[in-house]
Amino acid sequence: MAEEKVKGGAFLLESPKLEEVFVPEEFTEEQRMFAKTAEDFVKNEVAPKSDEIEAKNDELHVQLFKQAGELGLLMTDIPEKYGGLGLDKISSMLVQEKVSSGQGSFSVTITDHTGIATLPIVYFGTEEQRQKYLPLLATGELIGSYALTETNAGSDAMGIKTKAVLSGDGKHYILNGSKQFVTNAGFADICIVYAKVDGEHHAAFILDLKSEGVTLGPEEHKMGIRGSSTRAVFLDNVKVPAENLLGEVGKGHLIAFNVLNIGRYKLGVACTGASKAALGEAVRYANQRFQFGVPISSFGMIKEKLADMVTKTYVLESAVYRTAGFIDALFSQLDYDDPEFGKKAMDAVAEYATECSIIKIFGSEVLDFVVDETVQIFGGYGYTEEYPAERFYRDSRINRIFEGTNEINRLLIPGMLMRKAMKGELALLPAAQKLAKEVMTLMPLALLGSGPLAQEELAVEMARKVALIVAGLAAQKYKEALKDQQMLLARMADIIIELYAMESALLRTRKVLEKKGEDKARHHVAMTQLYVAQAFPRVAQLAQEALAAIEKGDMLKANLSVLRKLTRWYTPVALVDLKTMVADKLIEEEKYWVC
Amino acid sequence: MKVVVFCKSVPDTETRVKLKDNRLDKSEIKYILNPYDEFAVEEAVRMKEAGKVDEVVAISMGPERAREALRSALAIGADRGILIKDDVLDGSDTYVTAKVLVKALEKDGAEYGMLLFGQQAIDGDTWHVPGQVAEMLGLPQAGSIIKLEVDPDAGKAVANRLVEGGEEVHEMSLPCVVTCRKGLNEPRYPSLPNIMKAKRKPIQDYSIADLDLSPEEVGKAGSFTEVLSYSLPPKKEAGRKVEGEPEEVVQALVKFLKEEIKVI
C-alpha cells in the first residue's frame, strides 16, 4: 500500500511523524527565488505607491496587478496546460505570503483573483471553460471576482435569493438578484456568481461583467483595505450562456464551501506575510525612536511586545506551512486531466477543512495582535496616517470578518470534527472513551522526557488529552444538540486551535534542533517555550470553562480533578530571560529573521 | 556573438556583519547575486533580446552557494552557467580570481565578443577583478558605464561613463570589457516561469585541475595579498542638536569645533 497520508483532524489523536511535517526551513532554492521575486516586487513597486492605491487610483492599481501577472505571480495554481505554472502548494502559498507583505489592498485584490475567483474554474470548470478563461486569468489579462454574499445571506450561504431561470431555448440562464460586498467588482472582467436555479437549486456561473443588465453599486467606504474595490453587483435579467454553468445545478453550494476552505487557508497565509511586515516596521521604529537618550527598544516593556509579536508570527508561520505540507501531499497525487479531478480536489480540500478554519482564525488574530502592538510601539505617531502602523491596524481588521467570520469558523471546527467522528473517518469517540479510563492512572510527570523541549512536548500531549476529554464529554452530554451550544463550541474550538498552534511550533523546532543543534536553534526553542507558556495555561482555563458548561456539582468536580491532573504539573519558564533573548535578536536583525 | 557575464555570490545587502575569531561569521548570512552584477546580466540579456548577441554565459568562482547566484543570472535570462569551484581556491585574492576566470574563459572557448562585470562586489569592494582580467587578456575596458551601444557587425562598442561634471564616451573594438553600475538599466525581476526555466539550464562545473591550474597557483599560495584582520566600523553615536537663537547656535558650534573635536 502506498504510504498513508496524514488525515485531516488526526492531530487530535496523535502527533504526526516528524518526517511528515513540512517546515519553512525546508524551502527549496527555487521556492526561495519565487519568494524573492514576489517580495521584491511588492517592496519596490507596490509599497512606494501605497498612498495612491489607498486614494483609489484604480488605474494604477490595475496596472500593478497586470505587472504582477507578467511576473507570473497570478499563475501558481493554474495547470501548465492552461497557461499556468501548476506549482506545488507550498510554492503557491509562499508566493501568496510574500505578495501580502504589508500592502493590504493590493494583497486582497490578488488573493481574491487567484483564490476564490480562479480556483472554481480550475477545479470544477469543463475543458472548454478552462481553456477559455484560465490562460487569461493566469496572466492577469482577465481580472476575476466572486459573488456569493447578499444583503440577507452572508454566513448563511444557502439562503441566497438570486435566481437563475433557463431560457425557453435552453441557451441561456436568466439571472436576477443582487450581490453585496463583491471584492474586485470595480476592476473585474468576470465573476463567479451563485444563484438558485428556479429559486431552489444552488448553482455557480461564470458571469461576464460586461453583460447587459449588470450594474455596479458605488464603492463601499471601508475601514481598511481602502484601495481595494468592494461594490454591489446588481443583476437585472442578465443572460448567461448555458455553457457558463460551473459544475452541476444543485451543487453550487459545494463549490462555494470548498473554495471558501482554500480562501480561508490563503487568508491565514496572507496574515503571515502581513504580520512579518508590521513586525519589521515596529522593530525598526523602536530602534530609531529615542526617549530619555536611548532607543525605546531597550525598554523591557517594548522588548516584551516585540518578543510576543515575533513569537506569535513564528507559531503562525509554523502552522501555515505544516498545513501547506499536508495539502500539497494530497494535491500532488491528483491529475488535472482526471474527469474526477474536481471531486477529488474537493475531497482533498475538505479533508483539511478543520485545519483551514484553524489557520484562518489563528492567522487573523495573530495579525490583529501584531498590528495593535505596532500602533502602540509607534505611540502617538502610530495614531496618525503619516506612519504605516495606522494603515496596518485598519487593514488587518477585515480578516476576522471575511471568508467566514471567525465565529462561523469557530463553530465549524468542532462541528466538522464531530461529523468526521460520526462518519467513522476519525476515531475521536473511541479515543475519548479509552482516554477516560486511562486517565485515572495517568501520571503526567512520569512521562516527562529529556532535552530542551521536554516540558513543551508533554504540554502538547496533555493538551491533546484535554481536547479529547472535553470533546468526548460534550458529545456525550449534548449529542445532536451540541451544535446549539455555541459558547461551549467556541471554547472547544479555541482549545483545538491552541493545540494545533503549539504542536506546529514544537514540531518545527524539533526539526530545526535536529538539523542545526541547540545553539543555533536557541531562538526557535525560546519562542516555542514562550508560546506554550501562554497557550497551555489558556487551554487549562478554556477547558475549565467548557467543563463547567457541560456538568455541574460532583460530576463537574470529578471532571475538574482530571483536568487539574493533566495541567497542574507544568512549571512556568523563565519568561523574562526568554523574551529578552528573543527580543534582542529581533532588535539586532531589525526584521523577521527566522526564515 | 557570445558575451560573458561575471557573477559573484555576496552577502545580502541587509546582512548584519558579525566577526568571529578575526574572520567573518558566515553562519547566518544569506547570499544573493551581487547587485552590480545584476546590471551586467540585464544588459547582456537585453543585447540578446535585441538580436545583437547569440548567447549569454554567466561565470562564477566561489563555493557551492555561488550556484544560486548563477541560477539568479539564468532566471534573468542568461543561457548557461559555469561554476568554478574548488576547496583550494579559498583565500584567493583578486589577482588569483582574475587569473582563474581567464583560464575558465579559455577553457570555454575564446570567441566571446564582450565581458561584462558589475563595477564592484558589495562584499570585498575592491573593484579590482575586471581591470585585471582586461589587462591579462589585453582588452580595452570601460568602467562604471551608464550607457552601452554595441555594433557586432562593425566590431565595436560605444560606452558612456559618468565622470565628475559630465560624461566620457569611449569607443572600443570588440572584444572588450565593461563594468556596469546603477543607471545603466533597470534589472528586471526574474518572473516565476523564468525561474522554473532556469532550473533546466545547464551549469558546467570546473575544478582547478579542469582549468590546468595547480594548487600552488591559487588560494593563499598563489595570492599577492592576504587579509590580515577584520574590524567593524565604530558604532554610530547619537547626534547632538544645538538649539537656540542663530547667534547662540553659531557660538556653540564654533566652540564645539574648536574645543571638543579640535578641527579649527
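What comes next is a walk through the structure. (Residues numbered from 1 in each chain as written. Chains lettered and ligands numbered in written order. Predicted model: local features only at pLDDT ≥ 70, side-chain atom pairs only at ≥ 80, totals over all residues. Heavy atoms only, no water.)

A short note on the overall build of chain A
Link 1 in the chain: The helix and strand tally for chain A stands at 19 helices and 10 strands.
Link 2 in the chain: Expected size for 595 residues packed as a compact globule is a radius of gyration near 25 Å; at 24 Å, chain A falls within 12% of this value.
Link 3 in the chain: In terms of principal-axis extent, the alpha carbons of chain A reach across some 75 × 60 × 45 Å.
Link 4 in the chain: Residues counted as buried form 61% of the 595 residues belonging to chain A.
Link 5 in the chain: Put simply, chain A shows about 24,000 Å² of open surface, and 53% of that area lies on carbon and sulfur atoms.
Link 6 in the chain: Taking the average location of the 69 positive side-chain charges in chain A and that of its 82 negative ones, the two points are 5 Å from each other. (Helix = DSSP H or I, 4+ residues; strand = E, 2+ residues; numbered from the N terminus. Rg over C-alpha atoms; globule rule 2.2 N^0.38 Å. Buried < 20%, exposed > 50% of the residue type's maximum accessible area, 1.4 Å probe, protein only. Areas by Shrake-Rupley, 256 points an atom, 1.4 Å probe, with all protein chains shown as cover. Lys, Arg positive; Asp, Glu negative; His and termini not counted. Charge placed at Lys NZ, Arg CZ, Asp CG, Glu CD.)

Describing the interface of chain A and chain B
Link 1 in the chain: Taken together, the contact between chain A and chain B spans 27 residues of the former and 20 residues of the latter.
Link 2 in the chain: Summing the contributions of chain A and of chain B, the shared interface buries around 2,000 Å²; its carbon and sulfur component is 60%.
Link 3 in the chain: The interface formed by chain A and chain B holds 6 salt bridges in total.
Link 4 in the chain: Notably, a salt bridge pairs Glu590(A) with Arg16(B), separated by 3.0 Å at the nearest N-O pair.
Link 5 in the chain: Between the two partners, chain A and chain B, sit 11 residue pairs in polar contact (both at pLDDT 80 or more).
Link 6 in the chain: At the level of elements, α1 (29-46) and α19 (575-589) of chain A are the ones that each hand at least two residues to the side of chain A that touches chain B.
Link 7 in the chain: The leading source of residues in the side of chain A that touches chain B is α1(A), at 11 residues.
Link 8 in the chain: Class assignment for the residues of the side of chain A that touches chain B results in 10 nonpolar, 4 polar and 13 charged. (Contact = heavy atoms within 4.5 Å. Buried area = accessible area lost by both parts, 1.4 Å probe. Salt bridge = Lys/Arg side-chain N within 4 Å of Asp/Glu carboxyl O. Polar contact = N/O pair within 3.5 Å; in protein donor to acceptor, adjacent residues only side chain to side chain. Nonpolar A, V, L, I, M, F, W, Y, C, P; charged D, E, K, R; others polar.)

Observations concerning the nonpolar core
Link 1 in the chain: The biggest cluster of nonpolar side chains holds 246 residues, and the ones touching the most others in it are Phe41(A), Leu175(A), Phe205(A), Leu306(A), Met114(B), Leu116(B) and Leu148(B).
Link 2 in the chain: Setting aside residues up to four positions removed in sequence, Leu116(B) forms contacts with Val3(B), Val4(B), Val5(B), Phe6(B), Ala40(B), Glu43(B), Ala44(B), Met47(B), Val178(B) and Cys180(B).
Link 3 in the chain: In terms of nonpolar packing, the next biggest core, distinct from the first, is built from 28 residues, Val4(B), Phe6(B), Ile59(B) and Val133(B) among them. (Core = buried A, V, L, I, M, F, W, Y, C linked by side-chain atoms within 4.5 Å.)

Structural notes on the packing of aromatic side chains
Link 1 in the chain: Counted according to the given criterion, the structure contains 25 aromatic pairs over all chains.
Link 2 in the chain: On the basis of an interplanar angle of 35° and a centroid distance of 5.8 Å, the ring pair of Tyr123(A) and Phe331(A) is categorised as tilted. Note that Tyr123(A) is positioned in helix α6 (residues 119-124) and Phe331(A) in helix α9 (residues 300-331), a separation of 208 residues in sequence.
Link 3 in the chain: According to the relative accessible area criterion, Phe331(A) is buried, its value standing at 9%.
Link 4 in the chain: Taking the centre distance of 5.5 Å and the plane angle of 65° together, the rings of Tyr381(A) and Tyr387(A) count as edge-to-face.
Link 5 in the chain: What makes Tyr387(A) partly exposed here is its relative accessible area of 28%.
Link 6 in the chain: Every member of this aromatic cluster is reached through a ring pair, and the members are Tyr123(A), Phe124(A), Phe331(A), Tyr336(A) and Phe341(A).
Link 7 in the chain: The ring of Phe331(A) has Lys89(A) lying over it, and the distance from NZ or CZ to the ring centre is 4.8 Å.
Link 8 in the chain: Of note, Arg65(B) hangs over the ring of Tyr31(B), and the distance from its end group to the ring centre comes to 3.6 Å. (Phe/Tyr/Trp six-rings, centres within 6.5 Å; stacked < 30°, edge-to-face > 60°. Lys NZ or Arg CZ within 6 Å of the ring centre and 35° of its normal.)

Some words on the pairing of strand β7 (residues 80-84) of chain B
Residues and elements named next belong to chain B.
Link 1 in the chain: Of all 5 residues that make up β7, 5 are buried, and the element is covered over most of its length.
Link 2 in the chain: The side-chain alternation of β7 yields two buried faces, one formed by Arg80, Ile82 and Ile84 and the other by Gly81 and Leu83.
Link 3 in the chain: In terms of strand pairing, strand β6 (residues 55-61) meets β7 through 5 bridges, oriented parallel. Across the sheet, the residue bridging to serine 60 is leucine 83, located in β7.
Link 4 in the chain: For the crossover from β6 across helix α2 (residues 66-76) to β7, the handedness is right-handed.
Link 5 in the chain: Judged from the 4 bridges that link them, β7 and strand β13 (residues 203-206) form a sheet pairing that is parallel. (Pairing = 2+ DSSP bridges. Right-handed = clockwise from strand over helix to strand, strands pointing away.)

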